[in-house]
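Listed below are the residues making up each chain.
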Amino acid sequence: SECTSLNKTPDSSGLGAEGAKQAEAEKSVAPEGWTIQTVDDPGDVGAYNSIAVTPAGKVHISYHDNSGCKWRDLKYATNQSGSWQIHRLDWYGYLGRNTSIALDPNGSAHIAYIDNRFYDLLYITNATEGGGWQQFRFDTFSPCEDTSIAVDPNGKVHISYKGMEWMYPYAISLRYATSAAESEGWRNYSLDAGVDIRNTSIAVGSGNTVHIAYDWMEWSSSEVRYASNASGYWQVSTVGSSGVYDP
């Protein structure tokens, strides 16, 4: 049934019987030089996926499982051990949308995602003593979406995302959360605001400088904007504009 699919146990290949058959069929349609594998099946799985790869070529994928009868899950799949292993990381509610994954220098996974019951920003990692998963919840006072995550060479985490402001006329803000603040713990920043902000993407450059690209919108135009602290303080610039806002 729809409910029991939440508790299915993968076989040694990481796939169900139908998935193994599908994987064999997919091999025959893959373009030359490419390999296609089914990682998780069956059900409505794989939306909001994000991928990271180790220097040794081991793959880590975060994604949303929408196939449950009551809960919607955050899932994580990896072939670090040689075969695909699937982990159900968070499931109490409507979870796992807008996932973004990054790896630290030790190969531990860091995942940002959204709780769609309350639209909180969530972060989960296995960069802990013993390798167990630890979850953090941020920005619980306003709705959040469009996460992107990066980890610097020191293992510090940087997350960009869209957040709701409660001030008119600029209702939406570009936000940034990091564990790299000078004081202990996490800090959140609002970097820009507009009628709407979408599709944030974050990267860490030399000297652990932070670079964020995103769509900025107002009623008469939309722009690609770029925010960075590479100069020592945050600066926002416009990369290009379309002149049309499409809600």
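Residues numbered from 1 in each chain as written. Predicted model: local features only at pLDDT ≥ 70, side-chain atom pairs only at ≥ 80, totals over all residues. Heavy atoms only, no water.

(A) Representation of the pairing of strand β2 (residues 59–65). With seven of seven residues buried, β2 is to be regarded as a mostly interior element. Pairing geometry for strand β1 (residues 45–53) and β2, over six bridges, is antiparallel. Bridge pairing links Ala52 to His60 in β2. Here β1 hands over to β2 after five residues, with Gly57 in that stretch at a positive phi of 90°. (Buried < 20%, exposed > 50% of the residue type's maximum accessible area, 1.4 Å probe, protein only. Helix = DSSP H or I, 4+ residues; strand = E, 2+ residues; numbered from the N terminus. Pairing = 2+ DSSP bridges.)

(B) Spotlight on the sheet that holds strand β4 (residues 85–90). As summarised here, the arrangement of the four strands in space is β1-β2-β3-β4, forming an open sheet in which the pairing is antiparallel. Every interior strand has two partners, whereas the edge strands, β1 and β4, have only one. Sheet twist, expressed as the mean angle between neighbouring strand axes with direction ignored, is 25°. (Axes fitted to C-alpha atoms, helices over the stretch in contact; angles between N-to-C directions.)

(C) Local environment of the environment of Leu174. Within the element layout of this structure, Leu174 appears in strand β11 (residues 172–178). Under the relative-accessibility criterion, Leu174 is labelled buried at 0%. Taking the C-alpha atoms as reference, Leu174 lies 7.3 Å from Ser160; in sequence the two are 14 residues apart. Excluding its chain neighbours within four sequence positions, the residues that come into contact with Leu174 are Tyr161, Tyr189, Ser190, Leu191, Asp192, Ile197, Thr200, Ile212, Tyr214 and Ala227. (Contact = heavy atoms within 4.5 Å.)

(D) Examining unusual backbone geometry more closely. For Tyr48, which is not glycine, the phi dihedral falls at a positive 55°. Here Tyr48 is to be found in strand β1. Although it is not a glycine, Asn98 adopts a positive phi angle of roughly 55°. Tracing the sequence through the fold places Asn98 in strand β5 (residues 95–103). The buried category is assigned to Asn98, whose relative accessible area is 17%.

(E) Seen up close, the pairing of strand β14 (residues 210–217). With seven bridges connecting them, strand β13 (residues 196–204) and β14 associate as antiparallel partners. Residue pairing across strands places Ile202 opposite Ile212, the latter belonging to β14. Between β13 and β14, which pair antiparallel in sequence order, lie five residues; one of them, Gly207, sits at a positive phi of approximately 70°. As defined by bridge partners, β14 adjoins strand β15 (residues 222–228) across seven bridges and the pair is classed as antiparallel.

(F) Inspection of the confidence of the model for the chain at higher detail. When pLDDT is averaged along the chain, the result is 83, and 81% of the positions lie at 70 or above. The low-confidence segment residues 1–14 (pLDDT under 50) makes 21 contacts with residues lying over four places distant or belonging to another chain. (pLDDT = per-residue confidence, 0-100.)

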